[in-house]
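# Notes for the structure review
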Amino acid sequence: MFIEVDDLVKEFSITKKKKGIKGAVSGLFRPEKINLRAVDHISFGIEESEIVGYIGPNGAGKSTTVKMMTGIMHPTSGTVSIGGLSVHADRKKVVSDIGVVFGQRTQLYWDLRLGESFELLKRIYQIDSKIFNHNISVLNDVLEIGKLMDIPVRQLSLGQRMRGDLAAAMLHNPSVLFLDEPTIGLDIQAKRAIRKFIADINRLKGTTVILTTHDLDDVEQLCKRLIIINEGRLVEDGPLQAIIDRVTPYRYLVVDTVLPLQDLKHPLVKAIKKEDTCFWMKFDKAQISASKLTMELMQQYPIKDIRLKEPEIEDVISEIYKRRVD
């Protein structure tokens, strides 16, 4: 396994605040400390060249996990290794082989031109000039950063800055790219460009990508595998389609009839709604296939059109988030 997270725990000590003036005075002289467990015994492995979505509701522990996986934060207990190296014991070696982008923070230098930021990172990572120029050329093809090189970072739009951050994270040819909310606040066109970059860099370079996001379009378009956490605990880990099938085994049929009908019935179907000649129906695909159901309905009713609709990924993730974590 290329990336291994083993029994990871992170606790924070926080001060419990009491009500009223008396409580405030008491807290000032005799503060009561409590431990908050943000990540609770999480374990998983990631193969080389995977794109994995690491998602969960706000406060679930996603960013805390990523910070421990990148060596920014030390775990309370547990270990993380990348390519056989401990992220914390061999931090310098590991850092030289990973790229990190936090959507709400930039690694670019605010008062420098974008090109100057790249030159500075070249020196920090000790990148050979030939490799650096080649990488800039490749990244320009994917991200179209050439026209931004002479613009000060502070004058870049959010979408342009994000492209600059992605390029900066890939300058030293990392084998792993951590992306924390890379499309947050971006418009549709910018999101499309970022998603294309992630897919291209994975395809062209075999880069392993760990993606945390609240934008489920990112997940649907990029990730074949999901790891889902809630309240600091791992609650789902597997192929996206397998999770969808397990959590929401039902599918929808939208049936248009030639003439208005009073009803449209089938023993394995539940009617959802009706609009004139259009019927929405719900069925469990484990009980009957869509093709068999379609054939049986067409034999019984004068049908003009039938459309199969998969469950929305938002509905699937919402169902998982609603579960109580025991």
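Parameters at a glance
Residues numbered from 1 in each chain as written. Predicted model: local features only at pLDDT ≥ 70, side-chain atom pairs only at ≥ 80, totals over all residues. Heavy atoms only, no water. Pairing = 2+ DSSP bridges. Helix = DSSP H or I, 4+ residues; strand = E, 2+ residues; numbered from the N terminus. Domains from an automatic or database assignment. Core = buried A, V, L, I, M, F, W, Y, C linked by side-chain atoms within 4.5 Å. Buried < 20%, exposed > 50% of the residue type's maximum accessible area, 1.4 Å probe, protein only. Right-handed = clockwise from strand over helix to strand, strands pointing away. Axes fitted to C-alpha atoms, helices over the stretch in contact; angles between N-to-C directions. Contact = heavy atoms within 4.5 Å. Patch = residues over 30% accessible without salt bridge, like charges linked within 9 Å, V, L, I, M, F, W, Y side chains within 5 Å. Areas by Shrake-Rupley, 256 points an atom, 1.4 Å probe, with all protein chains shown as cover. Salt bridge = Lys/Arg side-chain N within 4 Å of Asp/Glu carboxyl O. Phe/Tyr/Trp six-rings, centres within 6.5 Å; stacked < 30°, edge-to-face > 60°. Lys NZ or Arg CZ within 6 Å of the ring centre and 35° of its normal.

### Some remarks on the pairing of strand E12 (residues 269-275)
- As judged from the six bridges shared by E12 and strand E13 (residues 278-284), these two strands associate in the antiparallel manner. When the sheet's bridge partners are listed, valine 269 is paired in E13 with phenylalanine 283.
- Here E12 folds back onto E13, and the loop between the two strands holds two residues, one of which, aspartate 276, carries a positive phi near 55°.

### Considerations on the domain arrangement of the protein
- Examined at the domain level, the protein breaks down into domain 1 (3-244) and domain 2 (249-310).
- For domain 1 and domain 2, the distance between their C-alpha centroids amounts to 44 Å.

### Considerations on the nonpolar core
- One finds Phe118, Leu139 and Phe197 to be the most contacted residues of the largest nonpolar core, which totals 49 residues.
- It is helix H6 (residues 158-170) that provides the largest number of residues to this core, a total of six residues.
- One finds Ala60, Ile98, Phe102 and Val176 within the second-largest nonpolar core, a separate group that totals 26 residues.

### Side note on the pairing of strand E8 (residues 208-212)
- By the criterion of burial, E8 is predominantly enclosed, with five of the five residues buried.
- Of the two faces of E8, the one holding Thr208, Ile210 and Thr212 and the one holding Val209 and Leu211 are both buried throughout.
- The pairing of strand E3 (residues 51-55) with E8 spans three bridges and is classified as parallel. Residue pairing for E8: valine 52 is matched across the bridge by isoleucine 210.
- Taken together, strand E7 (residues 176-180), helix H7 (residues 188-205) and E8 form a β-α-β motif whose crossover is right-handed.

### Overview of the sheet that holds E8
- Taking strand neighbours across the sheet as the criterion, the six strands line up as E6-E7-E8-E3-E9-E10 in an open arrangement whose pairing is mixed. Both outer strands of the open sheet, strand E6 (98-102) and strand E10 (233-239), are each paired with one neighbouring strand and no more. Adjacent strand axes in the sheet meet at a mean angle of 15° when their direction is disregarded.
- With five bridges joining them, E6 and E7 adopt parallel strand pairing. Bridge assignment links isoleucine 98 to a residue of E7, and that residue is valine 176.
- Across the sheet, helix H9 (residues 240-247) touches strand E9 (225-230) and E10, and the angle it forms with E10 is around 110°.

### Description of a nonpolar patch on the surface
- A cluster of nonpolar side chains, contributed by Phe12, Ile14, Ile34 and Leu36, occupies part of the molecular surface with about 300 Å² of accessible area.
- Elements with a minimum of two residues in the nonpolar patch: strand E1 (3-16) and strand E2 (32-46).
- Its relative accessible area of 34% is what places isoleucine 14 among the partly exposed residues.

### Considering the packing of aromatic side chains
- Enumeration according to the criterion identifies two aromatic pairs in this entry.
- Residues phenylalanine 44 and tyrosine 54 carry aromatic rings whose centres are separated by 5.7 Å and whose planes lie at 45° to one another, so their mutual orientation is tilted. Of this pair, phenylalanine 44 sits in strand E2 while tyrosine 54 sits in strand E3, and the two are 10 residues apart along the sequence.
- The interplanar angle of 70° and the centroid separation of 5.7 Å between the aromatic rings of tyrosine 250 and tyrosine 252 together place this pair among those described as edge-to-face. Pair check on accessibility: tyrosine 250 and tyrosine 252 agree, each one buried.
- Residue placement shows lysine 273 over the ring face of tryptophan 280; its charged tip is 4.7 Å from the ring centre.
- The ring of tyrosine 250 is capped by lysine 282, whose NZ or CZ atom sits 4.2 Å from the centre of that ring.

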